[in-house]
Amino acid sequence: MSSLSRELVFLILQFLEEEKFKEAVHRLEQESGFFFNMKYFEEKALLGEWDEVEKYLSGFTKVDENRYSMKIFFEVRKQKYLEALDRQDRAKAVEILVKDLKVFSTFNEELYKEITHLLTLDNFRENEQLSKYGDTKSARSIMLVELKKLIEANPLFREKLVFPTLKASRLRTLINQSLNWQHQLCKNPRPNPDIKTLFMDHSCSPPNGARASTPVTLPVAALTKPLTYAPLGAHGGPFPPAAAAAAANANALAGWMSNANPSLSMQSAPVAASPMPVQLGQVSSLKHPRTPSTGLGMIDYQSSDHEQLMKRLRTAQSVDEVSYPPQHASWSLDDLPRSVACSLRQGSTVMSMDFHPSHHTLLAVGCNNGEVTLWEVGLRERLVSKPFKVWDMAACSVPFQGAIAKDPSMSITRVSWSPDGNLIGVAFKKHLVHLYAYHGSNDLRQHLEIDAHSGGVNDLAFSHPNKQLCVVTCGDDKLIKVWDLNGRKLFHFEGHEAPVYSVCPHQKENIQFIFSTAVDGKIKAWLYDNVGSRVDYDAPGQYCTTMLYSDDGNRLFSCGTSKDGDSFLVEWNESEGAIKRTYSGFRKKSTGIAQFDTTRNHFLAVGEDSQIKFWDMDNTNVLTITDADGGLPSIPRLRFNKEGNLLVVTTADNGFKVLANADGLRSLRAIESRSYEASRTPIEMKVSTSAMVPNINPAINKVDRMDASSPARPTQILNGVDPLARSVEKRRLLDDASDKSKRWELAEIVDPVHCRVATMPDSKDPANKVARLLYTNSGAGILALGSNGVQKLWKWRSNDENPSGKATASVIPQHWQPNSGLLMSNDVPENCEEAVPCIALSKNDSYVMSACGGKVSLFNMMTFKVMTTFMSPPPASTFLAFHPLDNNIIAIGTQDSSIHIYNVRVDEVKSKLKGHQKHITGLAFSVNLKIMVSSGADAQLCFWNMDTWDKRKSLTIQLPAGKAPIGDTQVQFYSDQTRLLVCHESQLALYDAAKAECIRQWMPQDVLPAPITCAAYSPNSQLVYAGFTDGNIGVFDADSLKLRCRIAMSVYLAQASPSSQTVYPLALTAHLQEPYQFAVGLSDGSVKVIEPSDAEGKWGVTVPVDNGAQNGWTATSSSNNPAS
């Protein structure tokens, strides 16, 4: 439905409301799906009219449309079920359970079992999760609070919760204006016209003589409820019909069709007459209308009727004239972004880049290792990286599973922003397409995974057929496919005889179509139907070609390279389907496929011969050339931002450069001078799960979900974020985490006033030192494993003080325990002093696996019950890690220095790895490199092949002179899965895991001379936090390992320990979403959450600063250079 038709619905809704047609109002709201009336919804929910509640919801979403929708329907049906139980209506409760709630068992079988168990209770309030359930009225009110948050967070309800601002009786006013216009057209208008019908145009019957026109005022009685309404358009389905209208002859595609290869088999399609055919020559006038001499741009009637009309218009109400922006009189080379503003290192070969459509310095980058990264180029900051992983292997095709098992490497072929900037599409070299939902700042979440093509997916683009956002893909299987945002295939185009290389969706007037090119050089065009290709042409060079339109959509270009290495850049004459001009300036033989882009409706840029070549669109000769200060690959990839003032180009050293013109440089400097603005990240409301459903995470679209064969789900990305967490958090804006363009002075924090510190209640126990510490994946809790084998859990709740419900140092959390009083206690041997506690948490926070010298125990995080035990000692387990590609495989480091690869499903050790001399202290996986790295108390690192479990290499870390090769060593992969953080009491080190080489090293010195106890990456891998035996905590830059900040023990300890022993961090963990928050587990058993104060915002002080202190942070000139 067009936007005007949509607005007409709003006018009708207003009219029905004013005329008190209450039932009709809500039926139209539901059937149109344009406006969700929250007041009506609340009214029906409070009355318990559940059938009407669901019927009304069904006009806007379906139960399985997304995770928010699923949660909305679950809450409604759960409330209906509990009310039936409360009335002791068991029969109705069973009916609801089987008919309405059964659908959710697919996504959380344990929850469904627990809900079913309520039938066996005399009073469901006996269930500890429902013990606070009140009466029906209060329960409905509480439920509504939850539902409103879910609805507001649901993207399907976006822009549907606010009724547009309209003047009263707007529809009546428009009809009055129309009648006045009709009355002005009367040759002999009456002073008091009699309006008797709206079903035909008004016309005054001719009297003896003409009189002056009189405005028509429509009487109230004239607008009665009509019996029927004529359809507003002839759309016969979700997309325009086949050869939509004779307008097909009125757009550029018609020229291609009329000159298409006559050998192409064409099927005829019904043609509907267009009410206003548009001639080809009119397209430019529609884009840039001119005001005719008649003054209003009306049709020149050339008749006495027209003369009378013009007489009346001269005395009618004035009409605002439309002014159009002036065209550029001239262009200069200074308009081109040619100055190198900065160089950024990605770490892997960059395959594709795309700027955000409205945030002009926000860049999406796709790499040959499958990693997707968001950069804020204005801050030179890597906001977030998403290494490749399969989100739901079970839902993928068997050929893909075989291909990925044979070769798990995965390269990206294309990244692209959706036109609204809310989604990023990613095409991969094998089968898959990923869609990420972008919520601002560093919040990038999994949205949809599609096993789209057999073989590689070569290109991806977004299109808007019939105002519906869709994804267009093409691949090695010679097909083009169109998908909706739920992964449903809408169209399937076949006709190419070779792999399809690129797609270019476009719209001319009201005709939607897709150009596609194949590796045999064929160009085809498709309408959104199943009739077949409308065009069959040969691209210059008859090989790989990309097609692009100018920004205004009026000019079509293509660029490609032949098999012989000859590159071509041409402009097409759309009306004739022929080449309009061919641009010159390419070298004779290229070593790859030339890449190009357009900007400002005036310039073309091509990457070739380790240079960027620019053309004026109207001149076939090269305008200018730049090598961007050198370092470009032979065929660089490039991309303009939408304003045309920035250009990014790939470099040969696995990075990219940002080029800018004068406007672009000013924009970058302006961004550098401030942190992110609030307007750049939408604030979302946290949606808390109800007490009844703490573990539900219903999600469709091929997202990670718990395998039925195993209660535990591994986290693939160590220190990563579950993008489909159970709630939508209200995020703080991400300040600069590691701005490489800034210099930092060491900040020393000694006063608690300059930090926020929260001490976990009931945590202090000197006899139970904190051995391991984890944030829950949801970011709303902390889990600590003590030296006595007992685990403690703290949870933050959503309330007025903490609306997000996330971990924060501003609010003290609850020490959470089930009503049963159970503790999560591990099997501990008598001689527990030698035991090494170890722990691993499932991805959905439902289960935790741990050991402390005895068997490995699997605990339910809701009930604290032991689900199962395995791996009895000897040898005792010392480290646990899930395999990133198989949640049934666990790598278990042991006391006897071996590593067991254990299959939970068959309860069997599949491999036993030997390479260390002392017990295992760390395990980390890199899917990209197909390796597992292990570390031990022997200060050794071993690199293992993940496929065969053969040892590739082992090495001893570079220790200070005279230092014996002993001491616990911890390992953690950087988000690029190539760089490895190694922590030993003598050093922090950064390794290139692909080469097994140390590239950075920092050793205790100056203000931090004590041995290191623990360390962890921040969630965006921009910072490293480390604890020391003297109680200090250091904050380091992750790339350079330069010390940014020292946090003294006096900050987090209110008073010195009464004993002579120093209290210091034994375990440290970083929050999984907040880059500046971390938690420490101390030697006195206490657990602290620490973050900068609101005034500081981040760790460290940028220079220049006023000599000395800045905002209470003490700047020091102590040495800060890491050893290389």
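Values in this document were obtained by computation on a predicted structure and should not be read as measured data.

### Some remarks on the overall build of the protein chain
Step number 1: What the protein chain contains, in helices and strands, is 15 helices and 61 strands.
Step number 2: Within the span of the protein chain, comprising 1124 residues, buried residues form 56% of the whole.
Step number 3: Counting contacts in the protein chain only where the partners sit at least 6 residues apart, residues at least 24 apart contribute 57% of the total.
Step number 4: As presented, the protein chain carries roughly 47800 Å² of accessible surface, and 50% of it is formed by carbon and sulfur atoms.

### Some details on the sheet that holds strand 37 (residues 847-851)
Step number 1: If you walk across this open sheet you meet the four strands as 36-37-38-39, and the pairing is antiparallel. Bordering the open sheet on either side are strand 36 (838-841) and strand 39 (866-870), each of which pairs with just one other strand. Looking at each pair of strands side by side, their axes are set apart by 20° on average, direction ignored.

### Some thoughts on the packing of aromatic side chains
Any aromatic ring pair is given by two values, namely how distant the centres are and how the planes are angled relative to each other.
Step number 1: Under the criterion given, the structure shown has 30 aromatic pairs.
Step number 2: Seen in terms of ring centroids, Tyr56 and Phe60 are 5.5 Å apart; in terms of plane orientation they differ by 55°. Their pairing is tilted.
Step number 3: The class for Phe60 is buried, based on a relative accessible area of 6%.
Step number 4: Ring plane angle 15° and centroid distance 5.4 Å describe the contact between Phe493 and Trp526, whose orientation is recorded as stacked. A residue pair is termed long-range when its members are at least 10 positions apart, and Phe493 in strand 13 (residues 489-494) and Trp526 in strand 16 (residues 522-527) qualify at 33 residues. Exposure class is identical for Phe493 and Trp526. Each is buried.
Step number 5: Aromatic ring contacts, followed pair by pair, group Phe36, Tyr40, Phe41, Tyr56, Phe60 and Phe157 into a single cluster.
Step number 6: Sitting over the ring of Phe34, Arg6 keeps its end group 5.2 Å from the ring centre.
Step number 7: Over the face of the ring belonging to Tyr974 we find Arg979, whose NZ or CZ atom lies 3.9 Å from the ring centre.

### So, the packing of helix 2 (residues 22-32) against helix 4 (residues 50-58)
Step number 1: Closest axis-to-axis distance for the helix 2/helix 4 pair is 7 Å, and the angle between their directions is 50°. With respect to their mutual orientation, helix 2 and helix 4 come out oblique. Along the contact surface, helix 2 presents His26, Arg27, Glu29 and Gln30, while helix 4 presents Glu52, Lys55, Tyr56 and Ser58.
Step number 2: Of the residues belonging to the contact of helix 2 with helix 4, the class tally is one nonpolar, three polar and four charged.

### Concerning the sheet that holds strand 48 (residues 969-973)
Step number 1: Reading across from one edge, 48-49-50-51 is the order of the four strands in this open sheet, with antiparallel pairing throughout. Each of the sheet's edge strands pairs with one partner strand only, and the pair in question is strand 48 and strand 51 (997-1002). Across the sheet, the mean angle from the axis of one strand to that of its neighbour is 25°, orientation sign disregarded.
Step number 2: Looking at chain direction, strand 48 and strand 49 (residues 979-984) are connected through five bridges and run antiparallel. Looking at the pairing, Phe973 lines up with Leu980 of strand 49.

### Focus on the environment of Tyr543
Step number 1: Tracing the backbone through its elements, the reader meets Tyr543 in the loop between strand 17 (535-538) and strand 18 (544-549).
Step number 2: What makes Tyr543 partly exposed here is its relative accessible area of 25%.
Step number 3: Residues Tyr543 and Gly565 lie 22 residues apart in sequence; the distance between their C-alpha atoms is 9.9 Å.
Step number 4: Apart from the residues lying within four places of it in its own chain, the contact partners of Tyr543 are Ala518, Val519, Asp520, Gly521, Thr561, Ser562, Lys563 and Ile593.

### Focus on the pairing of strand 15 (residues 511-518)
Step number 1: A large share of strand 15 lies buried, amounting to eight of its eight residues.
Step number 2: Taking every second residue as pointing to the same face, both faces of strand 15 are buried, with Ile511, Phe513, Phe515 and Thr517 on one and Gln512, Ile514, Ser516 and Ala518 on the other.
Step number 3: One ladder, built from eight bridges, connects strand 14 (residues 500-508) with strand 15; its direction is antiparallel. When the sheet's bridge partners are listed, Pro505 is paired in strand 15 with Ile514.
Step number 4: Pairing of strand 15 with strand 16 involves five bridges; the strand directions are antiparallel. Note on strand 16: the bridge partner recorded for Phe513 is Leu527.
Step number 5: Two successive antiparallel strands, strand 15 and strand 16, enclose a turn made up of three residues, where Gly521 displays a positive phi of approximately 85°.

### Here's the deal with the packing of helix 4 against helix 5 (residues 67-86)
Step number 1: It is the contact of helix 4 with helix 5, at a shortest axis distance of 11 Å, that shows an interaxial angle of 175°. Relative to helix 5, helix 4 is oriented roughly antiparallel. Between helix 4, through Trp50, Asp51, Val53, Glu54 and Leu57, and helix 5, the contact on the second element is made entirely by Ile72, Phe73, Val76, Arg77, Gln79, Lys80 and Glu83.
Step number 2: Its residues placed into classes, the contact of helix 4 with helix 5 shows six nonpolar, one polar and five charged.

### A few points about the environment of Ala1048
Step number 1: For Ala1048, the position within the fold is in the loop between strand 55 (1043-1047) and helix 15 (1049-1052).
Step number 2: Between the C-alpha atom of Ala1048 and that of Val750, which follows or precedes it by 298 residues, the distance is 5.1 Å.

### Thoughts on unusual backbone geometry
Step number 1: Looking along the chain, the bond that leaves Pro873 and enters Pro874 is cis, with omega of -5°.
Step number 2: Note that Pro874 resides in the loop between strand 39 and strand 40 (877-883).
Step number 3: A cis geometry characterises the amide bond from Pro874 onward to Pro875, with omega recorded as -10°.
Step number 4: With respect to the helices and strands, Pro875 occurs in the loop between strand 39 and strand 40.
Step number 5: Here the phi dihedral of Arg380 falls at roughly 55°; this positive angle occurs in a residue that is not glycine.
Step number 6: Looking at the element boundaries, Arg380 is found in the loop between strand 4 (372-376) and strand 5 (381-386).
Step number 7: One non-glycine residue with positive phi stands out, namely Arg600, at about 55°.
Step number 8: Topologically, Arg600 is positioned in the loop between strand 22 (595-599) and strand 23 (603-608).

### Structural notes on the side chain of His883
Step number 1: Structurally, His883 can be placed in strand 40.
Step number 2: From its side chain, His883 meets the backbone nitrogen of Asp886 in a polar contact 3.5 Å long.

### Considering the environment of Val503
Step number 1: Mapped onto the fold, Val503 is located in strand 14.
Step number 2: Take Val503: its relative accessible area is 8%, and that puts it in the buried class.
Step number 3: Taking the C-alpha atoms as reference, Val503 lies 9.7 Å from Ile523; in sequence the two are 20 residues apart.
Step number 4: If we ignore the near neighbours within four places in the chain, the residues touching Val503 are Asp459, Ala461, Val472, Cys474, Ile480, Ile514, Phe515 and Ser516.

### Quick notes on the pairing of strand 42 (residues 898-903)
Step number 1: Of all six residues in strand 42, six are buried, a share of seventy percent or more.
Step number 2: Of the two faces of strand 42, the one carrying Ser898, His900 and Tyr902 and the one carrying Ile899, Ile901 and Asn903 are both buried.
Step number 3: As paired elements, strand 41 (residues 886-894) and strand 42 share five bridges and run antiparallel to each other. Its bridge partner lying in strand 42, Ala891 is registered against Ile901.
Step number 4: Looking at chain direction, strand 42 and strand 43 (residues 908-914) are connected through six bridges and run antiparallel. Within the sheet, the bridge partner assigned to Tyr902 lies in strand 43 and is Val909.
Step number 5: The turn joining strand 42 and strand 43, which pair antiparallel and follow one another in sequence, is formed by four residues; a positive phi near 55° is taken by Asp907.

### A word on the pattern of salt bridges
Step number 1: Applying the stated criterion across every chain yields a total of 38 salt bridges.
Step number 2: One salt bridge in this structure joins Arg172 and Glu19, with 3.2 Å as the shortest N-O distance. On the criterion of sequence distance, the pair formed by Arg172 in helix 9 (residues 170-185) and Glu19 in the loop between helix 1 (3-18) and helix 2 is long-range, its members being 153 residues apart.
Step number 3: Look at Arg172 and you get buried, because its relative accessible area is 13%.
Step number 4: Residue classification places Glu19 among the partly exposed residues on the basis of a relative accessible area of 29%.
Step number 5: As a salt-bridge pair, Glu52 and Arg27 come within 2.8 Å of each other at their nearest N and O atoms.

### Topic: the nonpolar core
Step number 1: If you look at the biggest cluster of nonpolar residues, it comprises 42 residues, and the most contacted ones within it are Phe36, Phe41, Tyr81 and Leu101.
Step number 2: Of all the secondary structure elements, the ones that give two or more residues to this core are helix 3 (38-46), helix 4, helix 5, helix 6 (90-101), helix 7 (109-117) and helix 8 (136-153).
Step number 3: The biggest single contributor to this core is helix 5, with ten residues.
Step number 4: In this structure Leu101 touches Phe74, Arg77, Lys78, Tyr81, Ile96, Tyr112 and Ile115, once residues within four positions along its chain are discounted.

The rules behind the values
Residues numbered from 1 in each chain as written. Predicted model: local features only at pLDDT ≥ 70, side-chain atom pairs only at ≥ 80, totals over all residues. Heavy atoms only, no water. Helix = DSSP H or I, 4+ residues; strand = E, 2+ residues; numbered from the N terminus. Buried < 20%, exposed > 50% of the residue type's maximum accessible area, 1.4 Å probe, protein only. Contact = heavy atoms within 4.5 Å. Areas by Shrake-Rupley, 256 points an atom, 1.4 Å probe, with all protein chains shown as cover. Pairing = 2+ DSSP bridges. Axes fitted to C-alpha atoms, helices over the stretch in contact; angles between N-to-C directions. Phe/Tyr/Trp six-rings, centres within 6.5 Å; stacked < 30°, edge-to-face > 60°. Lys NZ or Arg CZ within 6 Å of the ring centre and 35° of its normal. Parallel < 35°, antiparallel > 145°, perpendicular 65-115°, else oblique. Nonpolar A, V, L, I, M, F, W, Y, C, P; charged D, E, K, R; others polar. Polar contact = N/O pair within 3.5 Å; in protein donor to acceptor, adjacent residues only side chain to side chain. Salt bridge = Lys/Arg side-chain N within 4 Å of Asp/Glu carboxyl O. Core = buried A, V, L, I, M, F, W, Y, C linked by side-chain atoms within 4.5 Å.

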